[in-house]
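Now for the letters of each chain:
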Amino acid sequence: MVQLKSGRSHSRRPTMDQRVTDNRDQSRFEVFDGEELAGFAEYHRFGDEIAFIHTEIDPRFGGRGLGGVLARAALDAAREQGLAVLPYCPFIRGWITKHPDYADLVPASHRARFGL
């Protein structure tokens, strides 16, 4: 697993006890609160594309902004790796809609398909 940093200023940043990792063996980014797995974003990688399929935050961790921390870190990782993003997951798609500076990760030819 690789630990990722989360970056921009206009959304909640991870606290010292929150971290996001890319669990490549399970094809998902995972967000931890302390030592507990709080949620994940499943993906499928093919070539230079990453398709986000499903995102889930354990209800015990709701209201802490961990979904946003997870989405930002996963999308920042995609950007760093030069991957095109296909946001099939409604949560990731909605997060991109609320943070249009990430819309460029979705290929222009696919943006209308995802409502971006």
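Preceding this paragraph is the structure being described.
Just so it is clear, the structure is predicted and the values come from calculations on it, not from any experiment.

Each value, and the rule that gives it
- Residues numbered from 1 in each chain as written.
- Predicted model: local features only at pLDDT ≥ 70, side-chain atom pairs only at ≥ 80, totals over all residues.
- Heavy atoms only, no water.
- Helix = DSSP H or I, 4+ residues; strand = E, 2+ residues; numbered from the N terminus.
- Polar contact = N/O pair within 3.5 Å; in protein donor to acceptor, adjacent residues only side chain to side chain.
- Pairing = 2+ DSSP bridges.
- Right-handed = clockwise from strand over helix to strand, strands pointing away.
- Axes fitted to C-alpha atoms, helices over the stretch in contact; angles between N-to-C directions.
- Parallel < 35°, antiparallel > 145°, perpendicular 65-115°, else oblique.
- Contact = heavy atoms within 4.5 Å.
- Nonpolar A, V, L, I, M, F, W, Y, C, P; charged D, E, K, R; others polar.
- Phe/Tyr/Trp six-rings, centres within 6.5 Å; stacked < 30°, edge-to-face > 60°.
- Buried < 20%, exposed > 50% of the residue type's maximum accessible area, 1.4 Å probe, protein only.

Engineer: An account of the side chain of Asp22 is requested, with residue identities and associated values reported.
Structural biologist: Of note, Asp22 is situated in strand 2 (residues 18-23). Of note is the side chain of Asp22, whose polar atom sits 2.5 Å from the side chain of Tyr43.

Engineer: Hey, could you go over the pairing of strand 5 (residues 49-57) for me, with residue numbers and the actual values?
Structural biologist: Across a regular strand the side chains alternate sides, sitting on one face of the sheet and then on the other. Bridging between strand 4 (residues 36-46) and strand 5 involves 8 bridges; their strand directions are antiparallel. If you follow Ala41 over to strand 5, its bridge partner there is Thr55. Counted between consecutive antiparallel strands, the loop separating strand 4 from strand 5 contains 2 residues, among which Gly47 sits at a positive phi close to 60 degrees. Relative to strand 6 (residues 84-87), strand 5 is paired through 4 bridges, and the arrangement is parallel. Across the sheet, the residue bridging to Ile50 is Val85, located in strand 6. After leaving strand 5, the chain enters helix 1 (residues 66-80) and then returns to the sheet as strand 6, a path that is right-handed.

Engineer: I'd like to hear about the environment of Gly82, residue by residue, with values.
Structural biologist: Structurally, Gly82 is set in the loop between helix 1 and strand 6. The spacing of Gly82 and Asp48 is 34 residues in sequence and 7.2 Å in space, taken between C-alpha atoms.

Engineer: Give a detailed account of the pairing of strand 4, specifying residues and quantitative values.
Structural biologist: Sheet analysis places strand 3 (residues 28-33) next to strand 4, joined by 6 bridges and oriented antiparallel. Bridging across to strand 4, Phe32 finds its partner in Leu37. Where strand 3 hands over to strand 4, the hairpin turn is made up of 2 residues, of which Gly34 adopts a positive phi near 65 degrees.

Engineer: I'd love a proper account of the packing of helix 1 against helix 2 (residues 90-98), names of residues and values included.
Structural biologist: Contact geometry for helix 1 and helix 2: axes closest at 10 Å, N-to-C directions at 80 degrees. In terms of their interaxial angle, helix 1 and helix 2 are classed as roughly perpendicular. Taking contact as the criterion, the partners of Gly67, Gly68, Ala71, Arg72 and Leu75 in helix 1 are, on helix 2, Phe91, Ile92, Trp95 and Ile96. Residue composition of the contact of helix 1 with helix 2, grouped by class: 6 nonpolar, 2 polar and 1 charged.

Engineer: So, the packing of aromatic side chains: which residues are in play, and what are the values?
Structural biologist: Counted by the stated rule, this structure contains 5 aromatic pairs. When the ring of Trp95 is compared with that of Tyr102, the centres are 5.1 Å apart and the planes differ by 70 degrees; the resulting orientation is edge-to-face. Of the two residues examined, Trp95 and Tyr102, each falls in the buried class. Ring pairs connect the aromatic residues Phe29, Tyr43 and Phe52, which therefore count as one cluster.

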